[in-house]
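Below are the chains, spelled out letter by letter.
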Amino acid sequence: MADTAPKDIILQINGMTCAACVNRVEKVLKKVPGVTEATVNLATEKAAVTTTSSAEPLIAAIAKAGYEAHIPKDDRPAEAESASLWPLGVAASLSFPLMLPMLASLWGGTLMLPGTLQWLLATVVQAVFGARFYRGAWKAMQAATGNMDLLVALGTSAAWGLSTWQWLQFLFFSEHANHGGHEPHYFFESSAVVITLVMLGKLLEARAKRQTSAAISALQALRPSVARVRQNNVDVEVPIAQLKKGDKVVVVPGERIAVDGVVLEGSSHADESMLTGESLPQAKTPGSKVTGGTLNVDGLLVVEATAVGVESALSRIIRWVEQAQAAKASYEASQAEHH
């Protein structure tokens, strides 16, 4: 008999660029048979899905929507996209001269760069630094959907294309081109500045993602990767993923406790400030409860595991943090349902 009990599946998703991508992925996931709930987090690039089916139809649905998905090897957040400052600096340097006429007009002056120079500056920004938006737009069109990349590509291409046409007309078709005529007003600055500003937004977004990942990673760092388990009076190091309820975990002074449990042997103090905020270590004797991630201060303890893995208090805290980051405001959620 097939297992029809709902289960939670975490998927890592690549290719999302904006809130519209998040809404689209959530919609396609909720249409998969067996899915009762789906929440996508743009910051961590993960989807939490409650379903009675397996991960394969979920991954296939996301791929059909134009994104990539896979089951992460662990619950660590994905590395945020590297956000280098130099592309933004170069794009801004090329865009600034195009803004000079607008800035000069604020003081009643007129300053216009030659059309050929404007075209060269804007084309470099459009072709080099705008290439990422064209790639994203192409993927969106292949999936018959829209996203921020498509909007940026259409808007900037329209401004650049119209200005290029006006410039070519002036060079080759205008009767005033060779008789001291004034060049028309171009919109090259619109395309270049929009791309530069969106790049700035992407830089800030990448920074926010890194901060989000750092917060979750800091919580995960409280959990040791291995634990010392007592088996037949012999202490053996075991990966934390292999721990089971009832295991007797030995914790020496200075180590973090790997599991939630009850002290069987030993006497010590535990620093529980990460959980309670209490700065003073708490006494632990046989029968005392301990929490995974807290620090054993000054004595050896033997702890019987009562909660391991995703059932531990630390894992629940990490999930709550991720859920809080992915949660939408009531207005945002209502708007997502209408689109």
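This structure is a prediction, so every number in the text was calculated from the model and none was measured.

Criteria and thresholds
- Note that residues are indexed from 1 along each chain, following the sequence as it is written.
- Predicted model: local features are reported for residues with pLDDT of at least 70 only, side-chain atom pairs are reported and counted for 80 or more only, and whole-chain, interface and lining totals are derived from all residues.
- Side-chain calculation: all heavy atoms of the structure are included, whereas hydrogens and water are not.
- At least two DSSP bridges between two strands are needed for those strands to be called paired.
- Secondary structure follows DSSP: runs of H or I at least 4 residues long count as helices, runs of E at least 2 residues long count as strands, and numbering of each begins at the N terminus.
- The salt bridge definition used is simple: a Lys or Arg side-chain nitrogen within 4 Å of an Asp or Glu carboxyl oxygen.
- Only protein chains enter the area calculation, which uses a 1.4 Å probe; residues under 20% of their type maximum are buried, those over 50% are exposed, and those in between are partly exposed.
- Where helices are involved, their axes are fitted lines through C-alpha atoms of the stretch in contact, as for all axes, and angles between N-to-C directions lie from 0 to 180°.
- An angle counts as roughly parallel when it lies under 35 degrees, as roughly antiparallel when it exceeds 145, as roughly perpendicular when it falls between 65 and 115, and as oblique in every other case.
- Contacts are assigned to residue pairs with any non-hydrogen atoms lying within 4.5 Å of each other.
- Confidence scores labelled pLDDT are given residue by residue by the predictor and lie between 0 and 100.
- As used throughout, the charge tally considers Lys and Arg to be positive and Asp and Glu to be negative, leaving His and the chain termini uncounted.
- For our purposes a nonpolar core is just a set of buried Ala, Val, Leu, Ile, Met, Phe, Trp, Tyr and Cys residues, chained together by side-chain atoms within 4.5 Å.

1. Considering the sheet that holds strand β5 (residues 226-231)
Spatially, 6 strands are ordered β6-β5-β7-β13-β8-β11 in an open sheet, and the strand pairing comes out antiparallel. In the strand order of this sheet, the two ends are held by β6 (234-239) and β11 (289-290), each with one partner.

2. With respect to the pattern of salt bridges
This structure, assessed with the given rule, holds 6 salt bridges. Asp-235 is the partner of Arg-230 in a salt bridge, and the nearest nitrogen-oxygen pair spans 2.9 Å. By relative accessible area, which is 36% here, Asp-235 ends up partly exposed. Residue Lys-284 is joined to Glu-272 by a salt bridge in which the shortest nitrogen-to-oxygen separation is 2.8 Å.

3. With respect to the environment of Thr-36
Structurally, the position occupied by Thr-36 is in strand β2 (residues 35-41). A residue is classified by how much of its surface remains accessible, and Thr-36, at 54% relative accessible area, is exposed. In the structure, Thr-36 is positioned 15 residues away from Thr-51 in sequence and 5.8 Å away in space, judged by C-alpha atoms.

4. A short note on the packing of helix α4 (residues 115-129) against helix α5 (residues 131-142)
Put simply, α4 and α5 touch, their axes get as near as 4 Å, and they point 45° apart. Relative to α5, α4 is oriented oblique. Contacts between α4 and α5 pair Gln-126, Ala-127, Val-128 and Phe-129 from the former with Ala-131, Arg-132, Phe-133 and Tyr-134 from the latter.

5. Regarding the confidence of the model for the protein chain
Predicted confidence across the protein chain gives a mean pLDDT of 83, with 87% of residues reaching 70 or more. When the elements of the protein chain are averaged for pLDDT, helix α10 (residues 330-338) gives the smallest value, 50, and α4 the largest, 93.

6. A word on the side chain of Asp-149
Relative to the elements of secondary structure, Asp-149 occurs in helix α6 (residues 148-172). Buried within the structure, Asp-149 lacks any salt-bridge partner; its nearest side chain of opposite charge belongs to Lys-202, at an N-O separation of 4.6 Å. Residues in contact with Asp-149, not counting those within four places in the same chain, are Thr-17, Arg-132, Phe-133, Gly-136 and Ala-137.

7. Focus on the nonpolar core
The nonpolar side chains of a soluble globular protein tend to be buried, and buried together. Formed by 24 residues in total, the largest nonpolar core has its most connected members in Ile-13, Met-16 and Leu-29. For this core, the element with the highest residue contribution is helix α1 (residues 19-30), accounting for 5 residues. Contact partners of Ile-13, with chain neighbours within four places excluded, come to Val-25, Val-40, Glu-45, Ala-47, Ile-62, Tyr-67, Glu-68 and Ala-69. Grouped together as the second largest cluster of nonpolar side chains are 20 residues, Leu-121, Ala-122, Phe-129 and Phe-133 included.

8. Looking at unusual backbone geometry
Phi angles above zero are rare outside glycine, and Asn-232 is one such case at about 55°. Here the phi dihedral of Asn-233 falls at roughly 65°; this positive angle occurs in a residue that is not glycine. With respect to the secondary-structure elements, Asn-233 resides in the loop between β5 and β6.

9. Re the sheet that holds strand β1 (residues 7-14)
With antiparallel pairing, the 4 strands of this open sheet are ordered in space as β2-β3-β1-β4. At either margin of the open sheet sits one strand with a lone partner, and together these are β2 and β4 (68-70). With direction set aside, neighbouring strand axes in the sheet form an average angle of 25°. Where β1 lies against strand β3 (residues 46-51), 6 bridges are found, and the strand directions are antiparallel. Each bridged residue has a counterpart across the sheet, and for Ile-10 the counterpart in β3 is Ala-48. The strands that α1 touches are β1, β2 and β3; relative to β2, the one it contacts most, it runs at about 160°. Across the sheet, helix α2 (residues 55-64) touches β1, β2, β3 and β4, and the angle it forms with β1 is around 30°.

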